[in-house]
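Observations on chain architecture
Here is what each chain is made of, one letter per residue.
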Number of protein chains: 2
Amino acid sequence: MLRVPMISKIEEEVFTPRQQAVLTAALDLLVENGDGLTMTAVARRASCSKETLYKWFGDRDGLLTATVQWQAAKVRMPQVNRSGLNAKALRASIEQFARDLLTVLIGEISITLNRTAVTHAAQEKDSLGAIVLENGPMAIRRRLKPILEAGRDARLLRFDNSEDAYRTFFGLVVRDVQIRLLLGDKTLTQINVEANIEADVQTATDQFFALYGADKTQ
Amino acid sequence: MLRVPMISKIEEEVFTPRQQAVLTAALDLLVENGDGLTMTAVARRASCSKETLYKWFGDRDGLLTATVQWQAAKVRMPQVNRSGLNAKALRASIEQFARDLLTVLIGEISITLNRTAVTHAAQEKDSLGAIVLENGPMAIRRRLKPILEAGRDARLLRFDNSEDAYRTFFGLVVRDVQIRLLLGDKTLTQINVEANIEADVQTATDQFFALYGADKTQ
DNA sequence: GCAGAACCGTACCGTACGGTACGCCTGCGT
DNA sequence: ACGCAGGCGTACCGTACGGTACGGTTCTGC
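Scope of this entry: the structure provided in the associated data block. (Residues numbered from 1 in each chain as written. Chains lettered and ligands numbered in written order. Predicted model: local features only at pLDDT ≥ 70, side-chain atom pairs only at ≥ 80, totals over all residues. Heavy atoms only, no water.)

Focus: the overall build of chain A
A count of helical and extended segments in chain A gives 11 helices and zero strands. Going residue by residue from the N terminus, the α and β elements of chain A occur as α-α-α-α-α-α-α-α-α-α-α. For chain A, the share of sequence-separated contacts (at least 6 apart) that also reach a separation of at least 24 residues comes to 72%. As displayed, chain A offers around 9900 Å² of accessible surface, 52% of which is attributable to carbon and sulfur atoms. (Helix = DSSP H or I, 4+ residues; strand = E, 2+ residues; numbered from the N terminus. Contact = heavy atoms within 4.5 Å. Areas by Shrake-Rupley, 256 points an atom, 1.4 Å probe, with all protein chains shown as cover.)

What to know about the protein's contact with DNA strand D
As a matter of local geometry, DNA strand D sits amid 15 residues, with Ser49 and Thr52 of chain A together with Lys50, Glu51 and Tyr54 of chain B nearest to it. Within 4 Å of the protein, the contacting atoms of DNA strand D are 51% sugar and phosphate, with bases supplying the remainder. Interatomic distance of 2.6 Å between a side-chain N/O atom of Lys50 of chain B and a base oxygen of DNA strand D. Among the elements of the structure, helix H3 (50-57) of chain A together with helix H3 (50-57) of chain B are those that each provide at least two residues to the surface near DNA strand D. (Near = heavy atom within 4 Å. Polar contact = N/O pair within 3.5 Å; in protein donor to acceptor, adjacent residues only side chain to side chain.)

Quick word on the pattern of salt bridges
For side chains of opposite charge, pairing can occur when their charged atoms come near one another. Scanning the model with the defined rule gives 26 salt bridges over all chains in all. Across the salt bridge formed by Glu134 of chain B and Arg142 of chain B, the nearest N and O atoms sit 2.6 Å from each other. Residue Arg142 of chain B is classed as partly exposed on the basis of its relative accessible area of 45%. Taking the shortest distance from any N to any O, the salt bridge between Asp185 of chain B and Arg180 of chain B comes out at 2.7 Å. You'll find Asp185 of chain B and Arg180 of chain B in the same group, each marked buried. Connected through salt bridges with shared partners, the residues Arg91, Glu95, Arg99, Glu198 and Asp206 of chain A form a single ionic network. (Salt bridge = Lys/Arg side-chain N within 4 Å of Asp/Glu carboxyl O. Buried < 20%, exposed > 50% of the residue type's maximum accessible area, 1.4 Å probe, protein only.)

A word on unusual backbone geometry
Residue and element names in this part refer to chain A. Unlike most non-glycine residues, Ser47 shows phi in positive territory, near 50°. Relative to the assigned elements, Ser47 resides in the loop between helix H2 (39-46) and H3. Given the relative accessible area of 59%, Ser47 is considered exposed. Located in the positive-phi region is Arg155, a residue other than glycine, with phi close to 65°. On the secondary structure map, Arg155 appears in the loop between helix H8 (137-153) and helix H9 (162-174). You can call Arg155 exposed: its relative accessible area is 68%.

So, the protein's contact with DNA strand C
The environment of DNA strand C is made up of 15 residues, and the closest members are Lys50, Glu51 and Tyr54 of chain A together with Arg18 and Thr52 of chain B. Within 4 Å of the protein, the atoms of DNA strand C are drawn from sugar and phosphate moieties in a proportion of 55%. Within the backbone of Met39 of chain A, one N or O atom sits 3.0 Å away from a phosphate oxygen of DNA strand C. Between DNA strand C and Thr52 of chain B there is a distance of 2.8 Å, counted from a phosphate oxygen to a side-chain nitrogen or oxygen. Residue composition of the surface near DNA strand C, grouped by class: five nonpolar, four polar and six charged. (Nonpolar A, V, L, I, M, F, W, Y, C, P; charged D, E, K, R; others polar.)

Some thoughts on the relation of the copies chain B and chain A
For the pair chain B and chain A, the relating rotation is 180°, the translation along its axis is 0.0 Å, and the fit reaches an RMSD of 0.1 Å. Taken together, these values place the two copies in the relation of a two-fold axis. For chain B, the smallest separation between a C-alpha atom and the rotation axis is recorded for Gly171 of chain B, amounting to 2.0 Å. Most of the interface of chain B is mirrored in chain A, where 98% of its interface residues again form contacts. (Least-squares fit on C-alpha atoms with pLDDT ≥ 70 in both.)

Here it is in structure tokens:
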């Protein structure tokens, strides 16, 4: 089972352009056909031989892992400026996080990756789940927490535990949208949600400040 | 494809005790082995013949659907008393809903059903997703909404849209717990969460009232 | 007690798919 | 010019599993 240099489950791998083309094909198939991804289909779609797939990725699971990892790592949300720390800038930052989070979560790619990872987790294989978690919620958390704490230091926010504050933020923003999309809720199409993103972001931000803002008159 | 009387995807089916034993076996296997459920395994576990399985449930999907539906329908959370509508009773009701919701969601059976349904939804088959949604979040919603609206009528709560209020409640209670469990997050075991249910329920309820309570001094 | 239905256990079939082997082509270094 | 590594396409193998068939056994109604 030869394998492209892998440093760790979390660390990024380096893929040649050709390999990335293969991974793109795999992701496309994943989006189209769900987890019914077959090696033959990937090989045909990417115009490569199955033998190459096995040489590069070891086995089906390796290909799946590489695909998920590569795609998940591509979700690089714009860094939010942390310098200006007045109330307005803080609110803008939080709002931007909410927007980023929601936008990513309702995307087809995110849905697909999460579904794949959940399916994977249902078979005592949680590596994909860890990757998705790490590059999704956890990535946002890592970047949001310092902002929250800076906001607290500036007496703009109040909370005991930044972890709890983050998780409440997550809940206010995501609500039941993600689980419903994952379950294929027909009454909640991406388009439908997309149209309301801005309003939902505003509401969630308002609510977050209502709960954690230092200015209680807000 | 003979089939036990089925009225609709949502309607409950009637199963004989023997059939329920089969479904129990299927669920057990689902909990143990994830979606790697095979007809042979179910037949062996339930001490019945595969032919019987096909006779009763049509095909693998039918068995899966019957299992999910049967189990999901069993989640009957205690009805909350709606009569006393003072602030205290209202808060107790909301709290109870939060507790029920969280308790169900973190259970192994719920995790399994949701994972199965998500996997199923990844293959253009959303019937299981619909069933889980219907018996999970939607069931709670149906029962919570009247309470919320009664609370509003009694001037104890304030909101424009009971749907939004419900979804915010959902977010405050569930936060990132469900998706992390579905993804197999090792740092968030059921036991771990279970220990904090009561505190989380209190917090969520406090936050809900802070956002939607008519008494803003609270 | 008997006919027939329901059901168990098992053997069997077909197929889909993971994984391997191999022949051929292409490009590149010497 | 030549060899060879890398890679394509395809054929192939083994197996697991969905689905069916069938003989034997228990249950039920008459």
